[in-house]
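Here is how the chains run, residue by residue.
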Amino acid sequence: MIKKIFVFSLLSFFTSLFSQYSISEINKDAYLKDFDIATAILLNQHPNPYRFHSKEAIAKKLDSLRKVIEKDPSYINFNINNPGRVLGDGHISFIPDSNYHEDYLNSTYFFPLITYVNNGNVYVNADNKYNIEVGSKLLEINNRSVADILKQIPEQADGNIKVEDLDISMYVSFINENKDHTFTIKYQTLNGEQKKASLEGITFTRFNYESRHAVLPIDVSSEIYGIFGYEISPDTFYLSVRSFSYDESFFYEKLKKYFHKIKNKKYKNLVVDIRNNSGGSVTNIPLLYSFMSKEKIFTNSYKYGSKVIDINYSDYLIDPQTDRYYSEKDIRDSNNFMRQ
């Protein structure tokens, strides 16, 4: 029986491979077979798999990832080196099966410092019991340079645009696979002094608690409201737009409120922050632009990069909410949705 190692999400499609939920029972053949199935789904179901990279380049990258898994057929290595890394499409995600992943998280000790990535540097991003100042730059973790660790972590990308919103603390916990639950680090303080420290790993429950107390990004309110703005200085207004997935009339009213304030107070500078924006309706993007443009009328055109596709791997299609296989009716409904 095929192992259910992950749930694979491509547009509205999900696949999961079924077995008992014990990581120790997953052997190399199961990992490689799942990798091959995921690769076939990715290349055959994606509407344009070679949009950003050539067929030859994709094949070379996939072969390289498969060899990494073959050399080290471990659960986390399989998840980090999944086929979704190679296309450069930020809409693709591989979601570990929750039953396996929960078991793995509960048996793992995590890196105890919450971090923030900026321009290839990794900074301490929260208070900690080791009195390492927020803003200190991490240089090495377990005798590995931070630059080397960053290369191993899969970056989300849309074309050639890389996203630096990486959870380094979680990935470090995975790729180091500590057996003694400790981490040694080398870091640079705010005044440029280099120091070393020995840290104790923490449980996932504690790690999740600590991550809620990160310093950056500072616009925590925008996480809650989706669209949120405030004055940074008498001359500058900050507007965070975390999603375009709103009803157009609601989106318009929210923007109107903030831009009315911007106009009345005559701010000289406007910072529009769309980092980590989850996407949404394409019509809301020119709506936002219309509030900033000096032109009363402007041309707006779309370049669609997708097409209607059929489900070719219905045997692996699973509802991620209920963890049950799709019925024939579910598949018909999904096909109808895609065509609409």
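Coordinates for the structure precede this section.
Given the structure is predicted, the values throughout are model-derived calculations rather than measurements. (Residues numbered from 1 in each chain as written. Predicted model: local features only at pLDDT ≥ 70, side-chain atom pairs only at ≥ 80, totals over all residues. Heavy atoms only, no water.)

Quick word on the overall build of the chain
Along the backbone of the chain there are eleven helices and 14 strands. Classification of the 340 residues of the chain by burial places 40% in the buried group. For the chain, contacts bridging at least 24 residues in sequence account for 64% of all contacts bridging at least 6. (Helix = DSSP H or I, 4+ residues; strand = E, 2+ residues; numbered from the N terminus. Buried < 20%, exposed > 50% of the residue type's maximum accessible area, 1.4 Å probe, protein only. Contact = heavy atoms within 4.5 Å.)

A closer look at the pattern of salt bridges
What the rule picks out here adds up to eight salt bridges. In this structure, the salt-bridge partner of Asp-36 is Arg-66, at a minimum N-O distance of 2.8 Å. Placement of the pair is Asp-36 in helix 1 (residues 28–45) and Arg-66 in helix 2 (residues 55–71), with a sequence separation of 30 residues. Glu-253 serves as the salt-bridge partner of Lys-256, at 3.3 Å between the closest nitrogen and oxygen. With a gap of three residues between them, Lys-256 and Glu-253 both fall in helix 9 (residues 248–265), about one helical turn apart. With a relative accessible area of 36%, Lys-256 lands in the partly exposed category. Residue classification places Glu-253 among the partly exposed residues on the basis of a relative accessible area of 44%. (Salt bridge = Lys/Arg side-chain N within 4 Å of Asp/Glu carboxyl O.)

Overview of unusual backbone geometry
Notably, Asn-119 is not glycine yet its phi reads approximately 55°, a positive angle. Residue position: Asn-119 is located in the loop between strand 4 (115–118) and strand 5 (121–124). Take Asn-119: its relative accessible area is 65%, and that puts it in the exposed class. Phi at Asn-143 is positive, roughly 65°, even though this residue is not glycine. Judged by relative accessible area, Asn-143 falls into the exposed class, the value being 68%.

Let's talk about the pairing of strand 6 (residues 137–141)
Pairing between strand 6 and strand 10 (residues 182–188): four bridges, direction antiparallel. Looking at the pairing, Leu-138 lines up with Tyr-187 of strand 10. In the sheet, strand 6 pairs with strand 7 (residues 144–145) via two bridges, with the strands oriented antiparallel. Residue Ile-141 lies in a different strand from strand 7, and its bridge partner there is Arg-144. (Pairing = 2+ DSSP bridges.)

Some thoughts on the environment of Pro-47
Position of Pro-47 relative to the elements: it lies in the loop between helix 1 and helix 2. On the basis of relative accessibility, which here comes to 11%, the residue Pro-47 falls in the buried class. Considering only alpha carbons, one finds Pro-47 and Ile-309, 262 residues apart in sequence, at a separation of 6.7 Å.

Concerning the nonpolar core
Among the nonpolar cores identified, the biggest contains 49 residues, and Phe-111, Leu-113, Leu-138, Ile-141, Ile-168 and Ile-185 are the most heavily contacted of them. Top element by residues in this core is helix 1. It accounts for six residues. With sequence-adjacent residues up to four places away left out, Phe-111 is seen in contact with Leu-138, Ile-141, Ser-169, Val-172, Ser-173, Phe-183, Ile-185, Leu-199, Ile-202 and Phe-207. In this structure, Ile-227, Tyr-258, Ile-262 and Leu-287 belong to the second largest nonpolar core, which totals 13 residues. (Core = buried A, V, L, I, M, F, W, Y, C linked by side-chain atoms within 4.5 Å.)

Some details on helix 2
Spanning 17 residues, helix 2 covers 24 Å between terminal C-alpha atoms, matching the ideal 24 Å at 1.5 Å per step. The complete set of buried residues in helix 2 reads Ile-58, Leu-62, Leu-65 and Ile-69. One side of helix 2 carries all its buried residues, which in axial view fall inside an arc of 65°. Relative to its buried face, helix 2 has exposed residues pointing more than 90 degrees away, namely Glu-56, Lys-60, Lys-67 and Lys-71. Lining the buried residues of helix 2 we find helix 1 and helix 3 (75–80). (Expected span 1.5 Å × (residues − 1). Arc of directions from axis to C-beta.)

A look at the side chain of Ser-173
With respect to the element layout, Ser-173 can be found in helix 6 (residues 168–176). One polar contact links the side chain of Ser-173 to the main-chain amide nitrogen of Phe-111, over a distance of 2.8 Å. (Polar contact = N/O pair within 3.5 Å; in protein donor to acceptor, adjacent residues only side chain to side chain.)

Comments concerning a nonpolar patch on the surface
Residues Leu-270, Tyr-289 and Met-292 make up a contiguous nonpolar surface patch of about 250 Å² in total accessible area. If you trace the backbone, Met-292 turns up in helix 10 (residues 284–292). Looking at Met-292, the relative accessible area reads 39%, which means it is partly exposed. (Patch = residues over 30% accessible without salt bridge, like charges linked within 9 Å, V, L, I, M, F, W, Y side chains within 5 Å. Areas by Shrake-Rupley, 256 points an atom, 1.4 Å probe, with all protein chains shown as cover.)

Topic: the packing of helix 9 against helix 10
Helix-helix packing is described using two parameters, namely the angle between the two axes and the distance between the axes. One way to put it is that helix 9 packs onto helix 10 with a least axis distance of 10 Å and a crossing angle of 20°. On the basis of their axis angle, the class for helix 9 and helix 10 is roughly parallel. Along this stretch, helix 9 crosses helix 10, giving a crossing that reads as right-handed. Contact residues: Glu-248, Phe-251, Tyr-252, Leu-255, Lys-256 and Phe-259 in helix 9; Asn-284, Leu-287, Leu-288, Phe-291 and Met-292 in helix 10. Residues that form the contact of helix 9 with helix 10 fall into these classes: eight nonpolar, one polar and two charged. (Axes fitted to C-alpha atoms, helices over the stretch in contact; angles between N-to-C directions. Parallel < 35°, antiparallel > 145°, perpendicular 65-115°, else oblique. Left-handed = near helix turned anticlockwise from the far one by under 90°. Nonpolar A, V, L, I, M, F, W, Y, C, P; charged D, E, K, R; others polar.)

Focus: the packing of aromatic side chains
Given two aromatic rings, one states the distance between the centres and the angle between the planes to describe the pair. Counted according to the given criterion, the structure contains 17 aromatic pairs. Here the aromatic rings of Tyr-75 and Tyr-104 are separated by 5.1 Å at their centres, their planes lie at 40°, and the arrangement is tilted. Remark: Tyr-104 occurs in helix 4 (residues 98–106) and Tyr-75 occurs in helix 3; sequence separation between them is 29 residues. Taking relative accessible area as the criterion, Tyr-75 reaches 3% and is therefore assigned buried. Between Phe-111 and Phe-183, the ring centres sit 5.2 Å apart and the planes meet at 80°, which makes this aromatic pair edge-to-face. Highlighted residues: Phe-111 in the loop between helix 4 and strand 4 and Phe-183 in strand 10, separated in sequence by 72 residues. Since its relative accessible area comes to 0%, Phe-111 is described here as buried. Among the residues examined, Phe-183 registers a relative accessible area of 0% and is labelled buried. (Phe/Tyr/Trp six-rings, centres within 6.5 Å; stacked < 30°, edge-to-face > 60°.)

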